[in-house]
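Topology and contacts: notes
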Amino acid sequence: MDYLVLKWIHVLSSTILFGAGVGSAFHLFAATLRRQVDGIAMATRNVVLADWLLTTTTAVLQPVSGLALVHMLDLPYSTPWVAWSLVLYGVAIACWLPVVVIQVRMRNLMAQAQRSGAPVPAAYDRLFHWWTGLGCVAFLVFLLIFWLMVAKSLPWAD
């Protein structure tokens, strides 16, 4: 594959990955703060769908295209910014995988509350706190990964 095409795939997939994550988080966070069962139920359905369609595909494309670019540029994986990017991506995925499970559980809880006319369950709130914490960590990690991708240096080593 041509270097420029691969680079655009990498940039575009990172943009979609980050944008979908931030957009989904805002949508669910705003709905949850409103405390309206119908709104939260819809938001959780949308967030789960967006995660499967957008986040999952770009979460796979990112390391595939990134590793291909590293190979094309003949960079050793031990290059500091490359090594840190890989480790941080692992941290981000370690945050994201439980978030996927949490979101599905949140969606199911809210669908049940919506069907029965019940208020937002306490179990939803506990899951939402975990979802928010893991999401904040992943957000900060992705910001640092973006820095590494663009600057190609470690911010603390300069």
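In the block above lies the structure referred to throughout.
Everything numeric in this text was worked out from a predicted model, so none of it was measured.

1. Some thoughts on the overall build of the protein
Broken down by element type, the protein carries 4 helices and 0 strands. Ordered by position from the N terminus, the helices and strands of the protein form the series α-α-α-α. In terms of its C-alpha atoms, the protein occupies a principal-axis envelope of roughly 60 × 35 × 20 Å. Taken over 158 residues, the protein has a buried fraction of 37%. Contacts spanning at least 24 positions in sequence make up 74% of the contacts within the protein whose residues lie at least 6 apart.

2. Observations concerning the pattern of salt bridges
According to the stated counting rule, one finds 1 salt bridge in the structure shown. The shortest N-O distance in the salt bridge between R35 and D125 comes to 2.7 Å. Of the two residues, R35 is situated in the loop between α1 (3-34) and α2 (37-72) and D125 in helix α4 (residues 122-151); the sequence distance between them amounts to 90 residues.

3. Side note on α1
Spanning 32 residues, α1 covers 46 Å between terminal C-alpha atoms, matching the ideal 46 Å at 1.5 Å per step. Taking the backbone nitrogen of L4 as reference, a side-chain oxygen 3.3 Å away marks D2 as the first, capping residue of α1.

4. Points about the packing of α1 against α2
Where α1 contacts α2, the axes come no closer than 8 Å and their chain directions differ by 155°. If you check the angle between α1 and α2, you find them roughly antiparallel. Judged by the twist between their axes, the crossing of α1 over α2 is left-handed. Within the contact of α1 with α2, the residues separate by chemical class into 18 nonpolar, 14 polar and 1 charged.

5. A short note on empty space enclosed by the protein
The full count for this structure, using the stated rule, is 1 cavity of 30 Å³ or more. There is about 50 Å³ of room inside the largest cavity. Around the largest cavity, the lining residues are S14, L17, F18, Q62, F142, I145, F146 and M149. Contributing elements (two or more residues each) for the lining of the largest cavity: α1 and α4.

6. Quick word on the nonpolar core
Membership of the largest hydrophobic core comes to 20 residues, with the highest contact counts inside it found for L28, M106, M110, Y124 and W131. Secondary structure elements with two or more residues in this core: α1, α2, α3 (80-116) and α4. Once you skip the residues sitting within four places of it in the chain, L28 turns out to touch A43, T44, V47, M106, Y124, F128 and W131. The next biggest cluster of nonpolar side chains, apart from the first, holds 14 residues, and it includes V82, L88, V141 and M149.

7. Considering unusual backbone geometry
One non-glycine residue, R35, lies in the positive phi region at around 65°. For K152, which is not glycine, the phi dihedral falls at a positive 55°. If you trace the backbone, K152 turns up in the segment after α4.

8. A few points about a nonpolar patch on the surface
Together, Y3, L4, W8, V11, M72 and L73 give the surface a local cluster of nonpolar side chains, amounting to about 590 Å² of exposed area. When residues in the nonpolar patch are grouped by element, the largest group, 4 residues, is from α1. Its relative accessible area of 34% is what places V11 among the partly exposed residues.

Rules used in this analysis
- Residues numbered from 1 in each chain as written.
- Predicted model: local features only at pLDDT ≥ 70, side-chain atom pairs only at ≥ 80, totals over all residues.
- Heavy atoms only, no water.
- Helix = DSSP H or I, 4+ residues; strand = E, 2+ residues; numbered from the N terminus.
- Buried < 20%, exposed > 50% of the residue type's maximum accessible area, 1.4 Å probe, protein only.
- Contact = heavy atoms within 4.5 Å.
- Salt bridge = Lys/Arg side-chain N within 4 Å of Asp/Glu carboxyl O.
- Expected span 1.5 Å × (residues − 1).
- Polar contact = N/O pair within 3.5 Å; in protein donor to acceptor, adjacent residues only side chain to side chain.
- Axes fitted to C-alpha atoms, helices over the stretch in contact; angles between N-to-C directions.
- Parallel < 35°, antiparallel > 145°, perpendicular 65-115°, else oblique.
- Left-handed = near helix turned anticlockwise from the far one by under 90°.
- Nonpolar A, V, L, I, M, F, W, Y, C, P; charged D, E, K, R; others polar.
- 1 Å grid on protein atoms, 1.4 Å probe; cavity = no way out; pocket = protein on both sides within 12 Å on 5 of 7 lines; lining within 4 Å.
- Points joined across faces, edges and corners; volume = space filled by probe spheres on them.
- Core = buried A, V, L, I, M, F, W, Y, C linked by side-chain atoms within 4.5 Å.
- Patch = residues over 30% accessible without salt bridge, like charges linked within 9 Å, V, L, I, M, F, W, Y side chains within 5 Å.
- Areas by Shrake-Rupley, 256 points an atom, 1.4 Å probe, with all protein chains shown as cover.

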